[in-house]
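Structural overview for review
Listed here are the chains, written in short residue letters.
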Amino acid sequence: EIANCILGALVAITGVCPYIDSQRAIVVGVGATLFYHLGVHAEYRWDIRDTARVFPVHGMCGMWGLLCVGFLGQSNLIRQTYENLCLCVYIKLPETIDSQGYLFLYQLAAIGVIMAWSVGSCGFVFLVLRLIPMQGFANFVDFAVVDFIDYYVAPVLTVL
């Protein structure tokens, strides 16, 4: 569990590291540990079989890292990063980038897009694999598809 907490902190800090200082990085690491444990608790509660703890480490801690850009990111560092990119000659950054709420809403939207892409692409791949007849692999695919649809696709569809 300690190694997974460390990996989760590294996942969380990856996206936000250019935009924060070392004091805020500590907050990101501690928050990632909490988000990791929330993810483990969610897996136990929903009876999800994730022996490698991929969802808590990459899913929950990755979401935490994205949110940290929105409320811990320093606007001067964000502006400096994007102004040094070649494409920003053509893209004008909005003046409201200095407001933390503006960035936080964009990060929430990014989480929604990433979740929709992940569920949609994995659901498609699992459904295609379920249709392909393969000996010895079919039981695994049925097991994985049923778990994926029951635990990931169905809750999203009920919310929509």
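Look up a bit, the structure's there.
Here goes a summary of the coordinates provided.

1. Here's the deal with the pattern of salt bridges
Pairing between side chains of opposite charge can happen when their charged atoms approach one another. One pass over the full model with this rule turns up two salt bridges. The closest approach of N and O atoms between R24 and D21, which form a salt bridge, is 3.8 Å. Residue R24 is classed as partly exposed on the basis of its relative accessible area of 30%. A salt bridge links R53 to E43; its shortest N-O distance comes to 2.9 Å. Here R53, found in the loop between α2 (22-45) and α3 (54-72), pairs with E43, found in helix α2; they are ten residues apart in sequence, far enough to count as distant. Comparing R53 with E43, the two get one shared label, buried.

2. Here's the deal with the packing of helix α1 (residues 2-16) against α3
Two numbers describe how α1 lies on α3: the axes approach to 7 Å, and their chain directions differ by 35 degrees. Between α1 and α3 lies a crossing of right-handed hand. Here N4, L7, G8, V11, A12, G15 and V16 of α1 come into contact with α3, specifically with V57, H58, C61, G62, W64, G65, C68 and V69. Its residues assigned to classes, the contact of α1 with α3 shows nine nonpolar, six polar and no charged.

Reading guide: rules and limits
Residues numbered from 1 in each chain as written. Predicted model: local features only at pLDDT ≥ 70, side-chain atom pairs only at ≥ 80, totals over all residues. Heavy atoms only, no water. Salt bridge = Lys/Arg side-chain N within 4 Å of Asp/Glu carboxyl O. Buried < 20%, exposed > 50% of the residue type's maximum accessible area, 1.4 Å probe, protein only. Helix = DSSP H or I, 4+ residues; strand = E, 2+ residues; numbered from the N terminus. Axes fitted to C-alpha atoms, helices over the stretch in contact; angles between N-to-C directions. Left-handed = near helix turned anticlockwise from the far one by under 90°. Contact = heavy atoms within 4.5 Å. Nonpolar A, V, L, I, M, F, W, Y, C, P; charged D, E, K, R; others polar.

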